[in-house]
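Okay, here's what each chain looks like letter by letter:
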Number of protein chains: 2
Amino acid sequence: MGSLTEENYIKTIYNLSLEPGEVSVSELAKKLSVKLPTVTSMIKKLSVKKMVSYAPYQGIKMTEKGKKEALSIIRKHRLAELFLVKILKLGWEEVHEIAEQLEHVNSDRFYNRIDELLGFPKADPHGEPIPDVNGKVVSQKSIPLSQANVGSSVKISAVTNDEKLFLDHLNSKGLQIGDQITVKKKEEFDGSVSIINKSRKETMLSHQVVEKIWVEL
Amino acid sequence: MGSLTEENYIKTIYNLSLEPGEVSVSELAKKLSVKLPTVTSMIKKLSVKKMVSYAPYQGIKMTEKGKKEALSIIRKHRLAELFLVKILKLGWEEVHEIAEQLEHVNSDRFYNRIDELLGFPKADPHGEPIPDVNGKVVSQKSIPLSQANVGSSVKISAVTNDEKLFLDHLNSKGLQIGDQITVKKKEEFDGSVSIINKSRKETMLSHQVVEKIWVEL
DNA sequence: AATAAATGTTAGATTAATCTAACATTTTAA
DNA sequence: TTAAAATGTTAGATTAATCTAACATTTATT
Ligand SMILES: [Mn+2]
Ligand SMILES: [Mn+2]
Ligand SMILES: [Mn+2]
Ligand SMILES: [Mn+2]
């Protein structure tokens, strides 16, 4: 366990490493809202601690140690989010911010009890998988809504962004995890998608939205 | 809301201010495990922020603003402790440490929901009063066990220390909040007290212990 | 009242995390 | 294949929170 700041870097690097391509200093700087030299200096520190491997001008790669640490933080974050929704009855759009704080609480007893209380859940309120105590993740096979075929009926399994602004948008469209929807039309021009929602109403979703909604057949 | 460090100073100053006498720099330094100059420098900062009033070589006094802030942190701490015991089924001896972290979580929604879930409780697992949303505290009229008369039958209403070492000690003696006990004998020499516990067994408690157990008649 | 002990303050250094300005390397595009 | 743009690094400054060493004040004890 490093400092709160170190934990945030590790978690962010891990999340970026899941996307295709190298993890770059500028990408990290953007995500963490800090300047480039701040990242360079922190990366060096994390490199000394063997959380990442790094050589100047090369990308940033996580070590096994770093991945383990990242998964532990992500586990805490997602357990916290589900707890906030299931036990404290908060909305899925407001829990991420609180989980950003709770993920840094250092107590295995605390998180294992929450896990137990929730019945050892496999996914958080946004459909993202919750790593188990050993950092093992069970990932589902699903695709972004942007890639679903016109005419297909699919189930929303996850959203890959859990910030309030995005989720408030989905709330306003009446979309939830688990909803069965049908792809009506895909616009070539801007990548937007029209769907038929649970209540048989047609709704238009922009490209930025449909690439963040994951569905299964 | 200041930094985590500032919050810890404010809470500690407030707790010390409830004991008789001035709050001194050395007392604070001891409680926070920092050196004297560290305290002097932080007090100056808190003084600029109007959380305490301070003049060199005089004691430290809290302002109304500071008290309000302290009570908010203490409310969060005690709600967290009760939540950990009641909902997560942790022991009263292990919750203080976790609450030291949770008390810094910044979310009214989070704490108000916990308050609600617990039924707007009046006391934490150690019998200490929980300030309400407005910082109002309902304190009970009780006395330290060290001052109870020989022969009197009293009920344990609170303990004024919630660290593991102390509570493990009480656990080993089988003592809990709410227990009815009888004062059998008080030793003039060392201030120790013999009591008859709930299960009619006689137990000897040292002065350091009986001054931290509060009872009502 | 003088001295010693305890307590508190000031000065200056250190560490973590950040910044800006200047410089270096890599990538993209004439 | 050079010039420009983008990306990354180094150097040096800043702020928060801490420390040690030296000095000042207050309190206690002869
Ligand atoms: Mn989240
Ligand atoms: Mn989530
Ligand atoms: Mn406590
Ligand atoms: Mn308590």
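Residue indices begin from 1 for each chain and proceed along its sequence in written order. In the order they appear in the text, chains get letters beginning with A and ligands get numbers beginning with 1. For a predicted model such as this one, the threshold for reporting local features is a pLDDT of at least 70, and the threshold for listing and counting side-chain atom pairs is 80 or more; totals across whole chains, interfaces and linings nevertheless cover every residue. Side-chain calculation: all heavy atoms of the structure are included, whereas hydrogens and water are not.

With that settled, the discussion passes to the overall build of chain A. Across its full length, chain A holds eight helices and eight strands. For a compact globule of 217 residues, the expected C-alpha radius of gyration is about 17 Å, and chain A comes in at 19 Å, within 12% of that figure. Exposure categories follow from relative accessible area, calculated using a 1.4 Å probe and restricted to protein chains: below 20% of the type maximum is buried, above 50% is exposed, and the middle band is partly exposed. Per-residue burial for chain A yields a buried fraction of 46% across its 217 residues. Working rule for contacts: check all heavy atoms of both residues, and any pair within 4.5 Å makes them a contact. Within chain A, residue pairs in contact and separated by at least 24 positions form 59% of the contacts whose partners lie at least 6 positions apart. What sets the accessible areas is the Shrake-Rupley method with a 1.4 Å probe; for residues, cover comes only from the shown protein chains. Accessible surface, chain A: about 11,700 Å² in total, of which carbon and sulfur atoms supply 53%. Residues scored as positive are Lys and Arg, those scored as negative are Asp and Glu, and His as well as the terminal groups of each chain are ignored. A charge is said to be at NZ when it belongs to Lys, at CZ for Arg, at CG for Asp and at CD for Glu. Here chain A contributes 32 positive and 29 negative side-chain charges, whose respective centroids are spaced 3 Å apart. Only runs of H or I of at least four residues qualify as helices and only runs of E of at least two qualify as strands under DSSP, and these elements are numbered from the N terminus. All radius of gyration figures rest on C-alpha atoms, and the globule criterion is 2.2 Å times the number of residues raised to 0.38.

Our next topic: the pairing of strand β8 (residues 213-216) of chain A. Residues and elements named next belong to chain A. Only one face of β8 is covered, namely the face carrying I213 and V215; the face carrying W214 and E216 is uncovered. Bridging between strand β4 (residues 153-159) and β8 involves four bridges; their strand directions are antiparallel. Across the sheet, the residue bridging to I156 is V215, located in β8. Strand pairing is defined by DSSP finding a minimum of two bridges between the two strands.

For the rest of this paragraph, the subject is the protein's contact with DNA strand C. Around DNA strand C sit 22 residues in total, of which A:S3, A:T38, A:K45, B:K44 and B:Y54 are the nearest. Nearness here has a simple test: a residue counts as near a molecule or strand if at least one of its heavy atoms is within 4 Å of that partner. Sugar plus phosphate: this is where 76% of the atoms of DNA strand C within 4 Å of the protein reside. Definition of a polar contact: a pair of N or O atoms within 3.5 Å, with one able to donate and the other able to accept a hydrogen when the atoms are protein atoms, and with sequence-neighbouring residues admitted only if both atoms are side-chain atoms. A distance of 2.6 Å separates a phosphate oxygen of DNA strand C from a polar atom in the side chain of A:T38. Here a phosphate oxygen of DNA strand C sits 3.1 Å away from a polar atom, N or O, in the main chain of B:Y57. Put simply, the parts of the chain that give the surface near DNA strand C at least two residues each are α1 (4-17) and α3 (36-48) of chain A together with α2 (25-32) and α3 (36-48) of chain B. Looking at the surface near DNA strand C element by element, the count peaks at five residues for α3(A). A per-class count over the surface near DNA strand C returns 11 nonpolar, seven polar and four charged. Gly counts as polar in this scheme, as do all residues outside two lists: the nonpolar Ala, Val, Leu, Ile, Met, Phe, Trp, Tyr, Cys and Pro, and the charged Asp, Glu, Lys and Arg.

What follows covers the sheet that holds strand β6 (residues 193-196) of chain A. Residues and elements named next belong to chain A. With respect to topology, six strands assemble into an open sheet ordered β3-β8-β4-β5-β6-β7, the strand pairing being antiparallel. The two strands at the open ends of the sheet, each matched to only one other strand, are β3 (143-144) and β7 (202-205). Direction of pairing for β4 relative to strand β5 (residues 180-186): antiparallel, over a ladder of three bridges. Bridge pairing in β5 places K155 opposite Q180.

Our focus in this paragraph is the protein's contact with DNA strand D. Around DNA strand D, 22 residues are found, and the nearest of them are A:K44, A:Y54, B:S3, B:T38 and B:K45. What you see for DNA strand D is that sugar and phosphate hold 75% of its atoms within 4 Å of the protein. At 3.2 Å, a side-chain N or O of B:Y9 approaches a phosphate oxygen of DNA strand D. A distance of 2.9 Å is found between a phosphate oxygen of DNA strand D and a backbone nitrogen or oxygen belonging to B:K35. Secondary-structure elements contributing two or more residues to the surface near DNA strand D are α2 (25-32) and α3 of chain A together with α1 (4-17) and α3 of chain B.

Let's shift gears to the coordination of the manganese ion (ligand 4). Donors, by definition, are the N, O and S atoms found within 2.8 Å of a metal, the threshold being 3.2 Å for Na, K and Ca, and water is not counted, so a site can look incomplete. The protein atoms that coordinate the manganese ion (ligand 4) are B:E81 (OE), B:D124 (OD), B:H126 (ND1) and B:D162 (OD), at distances of 2.1 to 2.6 Å. Read from N- to C-terminus, the donor residues coordinating the manganese ion (ligand 4) fall into the pattern E-x42-D-x1-H-x35-D.

Residues and elements named next belong to chain A. Structurally, E7 can be placed in helix α1. Whenever a carboxyl oxygen of Asp or Glu lies within 4 Å of a side-chain nitrogen of Lys or Arg, that contact is scored as a salt bridge. Despite being buried, E7 has no salt bridge partner; K76 is the closest side chain of opposite charge, sitting 4.8 Å away. Look past the residues within four positions of E7 in its chain and what remains in contact with it is M1, G2, E69, I73, E103 and H104.

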